[in-house]
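# Architecture at a glance
What follows is each chain in one-letter form.
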Amino acid sequence: MSKPYDGVGLRAVMRSVAFLAAGVLAVPLLAGCGDSDEAGRPLARQDVAPAARALVADGGTLHWAVDAVPETFNTFQSDADATTTRVAQAVLPSMYRIDAAGRVRRNPDYLESAKVVDTEPKQVVLYKLNQQAVWSDGREIGAADFAAQWRALSGKDSAYWTARNAGYERIEKIERGDNDLEVRVTFARPYSDWQSLFSPLYPKDVMGTPTSFNDGARRTLKVTAGPFLVKKVDRKKAQVRLTRNPRWWGEPAKLSEIQLKAVPRTERAAALAAGTIELADIDAADARRIEGAAKGSAAGPLAGPGAGRTAAKSLRSWALAHGSDEETAEHETRARAKLRTAIATWERQQKALKDVEVRRSLEPAYTQLALNGADGPLADERVRRAVARALDRKVLAELVLKPLGLPAVPVGSHLALSGQEAYADNSGALGGQDTAEAQALLTDAGWVAGGPVKAEKKGEKAAGAKGEKGDKEKTEKTEKKGEKGGKGGTKSEEEASGEEEGAEDEGSDDEKSQGGSEGAYIVGQDDKGHGTDDRQLAQEGTQYRQQRQGAAPGAYAPQGTRAPAGAAAGALAKDGKALSLRFVVPSGPGSEPLRTVAARITKMLGKVGIRTETVKVSDESYFKDHIASGAYDLALYSWPATAFPATDARPIYAKPVPAADGSLSVEQNYTRVGTDQVDQLFDRASTALDADEERSLIRKADSRIWAAAASIPLYQRPQLTAARKNVVNAGAFGFQTPVYEDMGFLKKGAQGPPSPSASD
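None of the values given here were measured: they were computed from a predicted structure.

What counts as what
Residues numbered from 1 in each chain as written. Predicted model: local features only at pLDDT ≥ 70, side-chain atom pairs only at ≥ 80, totals over all residues. Heavy atoms only, no water. Salt bridge = Lys/Arg side-chain N within 4 Å of Asp/Glu carboxyl O. Helix = DSSP H or I, 4+ residues; strand = E, 2+ residues; numbered from the N terminus. Axes fitted to C-alpha atoms, helices over the stretch in contact; angles between N-to-C directions. Parallel < 35°, antiparallel > 145°, perpendicular 65-115°, else oblique. Contact = heavy atoms within 4.5 Å. Nonpolar A, V, L, I, M, F, W, Y, C, P; charged D, E, K, R; others polar. Phe/Tyr/Trp six-rings, centres within 6.5 Å; stacked < 30°, edge-to-face > 60°. Buried < 20%, exposed > 50% of the residue type's maximum accessible area, 1.4 Å probe, protein only. Pairing = 2+ DSSP bridges. Left-handed = near helix turned anticlockwise from the far one by under 90°. pLDDT = per-residue confidence, 0-100. Polar contact = N/O pair within 3.5 Å; in protein donor to acceptor, adjacent residues only side chain to side chain.

On to the pattern of salt bridges, then. Taken as a whole and assessed by the stated rule, the structure comprises 27 salt bridges. Among the salt bridges present, the one from Asp 205 reaches Arg 139, with a minimum N-O distance of 3.6 Å. A residue pair is termed long-range when its members are at least 10 positions apart, and Asp 205 in helix 3 (residues 204-207) and Arg 139 in the loop between strand 5 (124-129) and helix 2 (143-153) qualify at 66 residues. With a shortest N-O distance of 3.8 Å, Glu 381 and Arg 384 are connected by a salt bridge. Here Arg 384 and Glu 381 lie together in helix 9 (residues 381-390), a separation of three residues that amounts to about one turn. What emerges from the salt-bridge pattern is a single network uniting Arg 53, Glu 251 and Asp 742.

What follows is the structure in structure tokens.
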């Protein structure tokens, strides 16, 4: 999440894999004021085949599939990616880590203690470093490294090409404490998320000058301080070799080497079967294939490449191969020989895949439905709320997660996930699925069934966001056929959405019945930047790439407002225009689940009289040309979770402001909906040094984001990892920062742990 949409999503636009990792039932508005028990527990446990270090063999090389060799090893640059993060986690210091519940924990390998020692007149944090902590060149980690990183990321010197300076711009000075192991950081303004800073920490050799910052860590990392170091970057072979750090003072790494190998996702099952990799993130189709191998379903075309050859097709193939047309027969004979070869290869791979297992959890990221409120019908808050009230989020979660054996629980917050300290289900600020309420809201907004519709001029569309001229889009359905006075040749929304859902499922029954991969679109998991708005999570630095009683005023239509009879069956219109929303979806092969979810949403909206025009666009243009530019009404993409929402989430929900050139500055708020009140709550939370106060403010902000109805969290994304059965302490990590020194291969004869159930 890699691309920035689900199949799009915090990194280059927030990065997808947090450096540290990193609603269900309606509750009253402002539930954030409650106690921390509302945070609950993670919905799914991590699945990493945990094993005590005594059971892990010493030595060995782990071949781990990644999407690409990174363009830079500096996580604070705009083109850093998920592999940049993975390398940094293994070779660089981090003052804090994230645990399995998504909570921040001090990293004792580098930090003996850290605490706020003064708040008046200024906030002062005193770090006491582990006395054994040294860089790989033998120099002690100390105040000079902290100061160099602060100066580079403070934003005061434009010669440093940084992606973002969140938190560092609040620092006033950094100085040595009573000894070389103490670092005193004084803030000009209070900063609640101070624990997000200096993770990762780079040596002053990298951060000391603009030249070294901009270029010194792009091709490799010469000086490190983790259990591993960067041995070699081989761009021709598309791999990064990490080997044990001989100066590492902590628990020694079990593995001799980790090789991060760039392997396309479509080739990972074959690579696992061939034994060229032992660990890889996979999609649902590969997960089903691997689990099928374990059950012995290895042979036959119906198990793999020949699955599409029905009995009728097989009969036709035989007839063509034995017919009188020699050219056709020869072609068919070659095709059948090719198929037999493919099946034989498939069967060999299936046998090899019996030694591989699928480890599953929920990724620290959630998929949302975004509603573009910049203009058109969705600029009206009542229409946005009607869209939200039409959705059954439980059904949508089940569509994706239930087939994978994962908890299908709708996400109840924009700013945290279940188990994290800031989490509380604040969806009650908007309300759950209610068809009558949705129709009443539309009526109150002036959209009525059977209203007059003006004849459209050539090139004019129904109300909704306009598409980009000349883009290579494919409109799945256009609903303008013979429209006259709101009646005539237009298909009903249920018919149209049913056709689309059927079209999406055609030839892919597995997708419908077995769940699917989320594809590549998590915001920030993009290898490429998307303009100057690129941002990063607070703690890792990389650029980039939620009832009536107590409900918000205006969240419901006035009492007594009745929905017009038959509203679900007829087109809604206002001021001579039909209500139709442009639903933009990615067209790539990894994004079938998103399209399936979009089709189900379309059907739900049709029941309240909202029509949609589904437009497929290329994966390459989906985010940059549509989401970021605002050329959509509805879209699906993901945001990663963060342990520091006061810092990381603010740009996502900040109120857009006019820029000097007259354009609208939206930061990462691609829905273009925000309020002064939400901004103020984020500002207060970022300066609250009391943890309970900060958590309460974050939950209040989330309630108000729900009430604005521009972003509707749906479900936590599935995390599927394939691993050789003897690989331990690695897999679907969930929230937790991987512990690289504990990864390895189970000793021969040792009993491996059973895979945990997906939920507690």
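From this point, the narrative continues.
Our next topic: the packing of helix 6 (residues 284-294) against helix 8 (residues 326-352). Two elements in contact, helix 6 and helix 8, have axes separated by 8 Å at closest approach and are oriented at 75 degrees. Judged by the angle between their axes, helix 6 and helix 8 are roughly perpendicular. On helix 8, the residues that touch Arg 289, Gly 292 and Ala 293 of helix 6 are Trp 346, Gln 349 and Gln 350. Its residues assigned to classes, the contact of helix 6 with helix 8 shows two nonpolar, three polar and one charged.

This part is about the packing of aromatic side chains. Under the criterion given, the structure shown has 20 aromatic pairs. On the numbers, 6.2 Å between centres and 40 degrees between planes, the contact of Phe 187 with Tyr 191 is tilted. With respect to class, Phe 187 is no different from Tyr 191; both count as buried. Considering the side-chain rings of Phe 623 and Tyr 637, the 6.4 Å spacing of their centres and the 90 degrees angle between planes classify their relative orientation as edge-to-face. In this pair, Phe 623 sits in helix 15 (residues 619-627) while Tyr 637 sits in strand 21 (residues 634-640), placing the two residues 14 residues apart along the sequence. The exposure class assigned to Tyr 637 is buried, which follows from its relative accessible area of 1%.

With that settled, consider the sheet that holds strand 17 (residues 572-574). Across the sheet, which stays open at both edges, the three strands sit in the order 13-17-18 with antiparallel pairing between neighbours. The open sheet has two edge strands with one neighbour each: strand 13 (448-449) and strand 18 (577-578).

This paragraph deals with the packing of helix 10 (residues 393-401) against helix 14 (residues 592-606). One way to put it is that helix 10 packs onto helix 14 with a least axis distance of 10 Å and a crossing angle of 155 degrees. By the angle between their directions, the pair helix 10 and helix 14 is classed as roughly antiparallel. Both helix 10 and helix 14 take part in a crossing whose hand is right-handed. Each of Val 395, Leu 396, Leu 399 and Val 400 in helix 10 lies in contact with helix 14, whose residues at this interface are Thr 596, Val 597, Arg 600, Ile 601 and Met 604. Split by residue class, the contact of helix 10 with helix 14 holds seven nonpolar, one polar and one charged.

The next thing to look at is the confidence of the model for the protein. Of all residues in the protein, 75% have pLDDT values of 70 or greater, and the mean over the chain is 82. The model gives residues 1-36 a pLDDT under 50, and that stretch makes 254 contacts with residues more than four places away or in other chains. Across residues 468-473 the pLDDT falls below 50, and counting only partners more than four positions away or on other chains, this stretch makes 13 contacts in the model.

The subject of this paragraph is the sheet that holds strand 7 (residues 182-187). Read from one edge to the other, the open sheet built from four strands follows the order 4-5-7-6, with strand pairing classed as antiparallel. Since the sheet does not close on itself, it has two edges, and those belong to strand 4 (111-118) and strand 6 (171-176), each with one partner. Taking the axes of each pair of neighbouring strands and ignoring which way they run, one obtains an average angle of 20 degrees across the sheet. Looking at chain direction, strand 6 and strand 7 are connected through five bridges and run antiparallel. Opposite Ile 174, over in strand 7, you have Val 185 as the bridge partner. Contacts from helix 2 reach strand 5, strand 6 and strand 7, with the element oriented near 160 degrees to strand 6.

Our focus in this paragraph is the pairing of strand 7. Counting buried positions along strand 7 yields five of six residues, so the element is predominantly enclosed. Strand direction decides the pairing type here: strand 5 and strand 7, joined by five bridges, are antiparallel. Directly across from Val 125, in strand 7, lies its bridge partner Val 185. The antiparallel hairpin formed by strand 6 and strand 7 contains five residues in its connecting segment.

Along helix 15, the residues that are buried comprise Asp 619, Ser 621, Tyr 622, Phe 623, His 626 and Ile 627. Buried-residue contacts for helix 15 involve strand 19 (580-586), strand 20 (611-617) and strand 21.

Let us now look at unusual backbone geometry. In this structure, the amide linkage connecting Glu 120 to the following residue, Pro 121, adopts the cis form with an omega of 0 degrees. In this structure, Pro 121 sits in the loop between strand 4 and strand 5. Residues Ser 199 and Pro 200 are joined by a peptide bond in cis, for which omega reads 5 degrees. By the secondary structure assignment, Pro 200 is in the loop between strand 7 and helix 3. Positive phi is not limited to glycine here, since Ala 238 has a value of about 55 degrees. Tracing the backbone through its elements, the reader meets Ala 238 in the loop between strand 8 (228-234) and strand 9 (239-244). Backbone geometry at Glu 667 places phi at a positive 50 degrees, although glycine is not the residue there.

The subject of this paragraph is the environment of Gln 350. If you trace the backbone, Gln 350 turns up in helix 8. For the pair Gln 350 and Ala 293, spaced 57 residues apart in sequence, the C-alpha to C-alpha distance is 5.1 Å. Within polar-contact distance, the side chain of Gln 350 engages the side chain of Arg 289 at 2.6 Å.

With respect to the element layout, Val 409 can be found in the loop between helix 10 and helix 11 (435-444). Sequence separation of Val 409 and Leu 43 is 366 residues, and the distance between their C-alpha atoms is 7.9 Å.

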